[in-house]
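Chain by chain, the residues run as shown.
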Amino acid sequence: WQAMQEALASGSAGEESKQYMYATVLKGIVRRMNPNLKGMTQALDLMNRMKALGVVPDVYVYSQLIDHLIKKRNDVDAADRLFQQMQRQEFGAVEPNVVVYNMLLRGLCNQNSGLSKNGAGWSKVRCLELLKDMGSRGIKPNTSTFNTLISAAVSNDDQRSANKLFK
């Protein structure tokens, strides 16, 4: 941490180096977080500090937080809000990649399994909206994307959707 602070203060670190340093520290914070949100405030404070210093959080930084919210907090709604936030201009207009989409899709598809706070069941409409959004941005769904969606459809007795996704 001290070395990072010195590099930032001296101005010797370039923009990519700054982003990488902050992302590395943030990754450590996220890994140590527990399900009770301890550490999330620290992570968000670090993101705000990044922005104040002119270092825009990148897709990797946001993906760390989204992943934590889904896997550790079981809070797909918060992850979806962060997903929306990252794309807004005042938050750096960060474009999500296929990995971020897949994280969110997995969270939305697993809501019925008790992995979500709201336990609402898989959100077929939201999942299809995300799939459409990916296409409109030129982001190609990969095998993981389709496996997630097909598995959710089958698990929710929606064979018609599973067949459509398979084709």
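Residues numbered from 1 in each chain as written. Predicted model: local features only at pLDDT ≥ 70, side-chain atom pairs only at ≥ 80, totals over all residues. Heavy atoms only, no water.

A. Looking closely at the packing of helix α6 (residues 98-109) against helix α8 (residues 143-155). With their axes 9 Å apart at the nearest point, α6 and α8 run at an angle of 10° to one another. The angle between α6 and α8 places the two elements in the roughly parallel class. Residues Val98, Asn102, Leu105, Arg106 and Cys109 of α6 touch α8, and the partners they reach there are Ser144, Thr145, Thr148, Leu149 and Ala152. Along the lines of polarity and charge, the residues of the contact of α6 with α8 split into five nonpolar, four polar and one charged. (Axes fitted to C-alpha atoms, helices over the stretch in contact; angles between N-to-C directions. Helix = DSSP H or I, 4+ residues; strand = E, 2+ residues; numbered from the N terminus. Parallel < 35°, antiparallel > 145°, perpendicular 65-115°, else oblique. Contact = heavy atoms within 4.5 Å. Nonpolar A, V, L, I, M, F, W, Y, C, P; charged D, E, K, R; others polar.)

B. Summary view of the pattern of salt bridges. Overall, the coordinates contain five salt bridges when judged by the stated rule. A salt bridge links glutamate 95 to arginine 137, with the shortest nitrogen-to-oxygen separation between them at 2.5 Å. With glutamate 95 in the loop between α5 (76-87) and α6 and arginine 137 in the loop between α7 (124-136) and α8, the pair connects residues that are 42 residues apart, well separated along the chain. Relative accessible area serves as the criterion here: at 30%, arginine 137 is assigned to the partly exposed category. Salt bridges sharing partners connect three or more residues here, namely Asp80, Arg126 and Glu129. (Salt bridge = Lys/Arg side-chain N within 4 Å of Asp/Glu carboxyl O. Buried < 20%, exposed > 50% of the residue type's maximum accessible area, 1.4 Å probe, protein only.)

C. Main features of α8. With 13 residues, α8 extends 18 Å from end C-alpha to end C-alpha; this agrees with the ideal 18 Å at 1.5 Å per step. By the burial criterion, the buried members of α8 are Thr145, Thr148, Leu149, Ala152 and Ala153. Take α8 and look down its axis: the buried residues cluster within an arc of 125°, on one side only. Seen from the open side of α8, the exposed residues pointing more than 90 degrees away from its buried face are Thr143 and Ser155. Buried residues along α8 sit in contact with α6, α7 and α9 (159-166). (Expected span 1.5 Å × (residues − 1). Arc of directions from axis to C-beta.)

D. Examining the side chain of serine 161 more closely. Among the secondary structure elements, serine 161 is positioned in helix α9. Dropping the residues within four chain positions of it, serine 161 is found in contact with Lys124 and Ala153.

E. Representation of α6 in the model. With 12 residues, α6 extends 16 Å between its outermost C-alpha atoms, agreeing within 8% with the 16 Å of an ideal straight helix rising 1.5 Å per residue. Most of α6 is tucked away, with 10 of its 12 residues classed as buried. For α6, the full list of buried residues reads Val98, Val100, Tyr101, Asn102, Met103, Leu104, Leu105, Gly107, Leu108 and Cys109. Against the buried residues of α6 lie α4 (59-71), α5, α7 and α8.

F. Spotlight on the environment of threonine 145. Along the chain, threonine 145 falls in helix α8. Relative accessible area serves as the criterion here: at 0%, threonine 145 is assigned to the buried category. In this structure, the C-alpha to C-alpha distance between threonine 145 and tyrosine 101, residues 44 residues apart in sequence, is 8.1 Å. Beyond its immediate stretch of four places on either side in the chain, threonine 145 contacts Val98, Asn102, Leu105, Leu131 and Met134.

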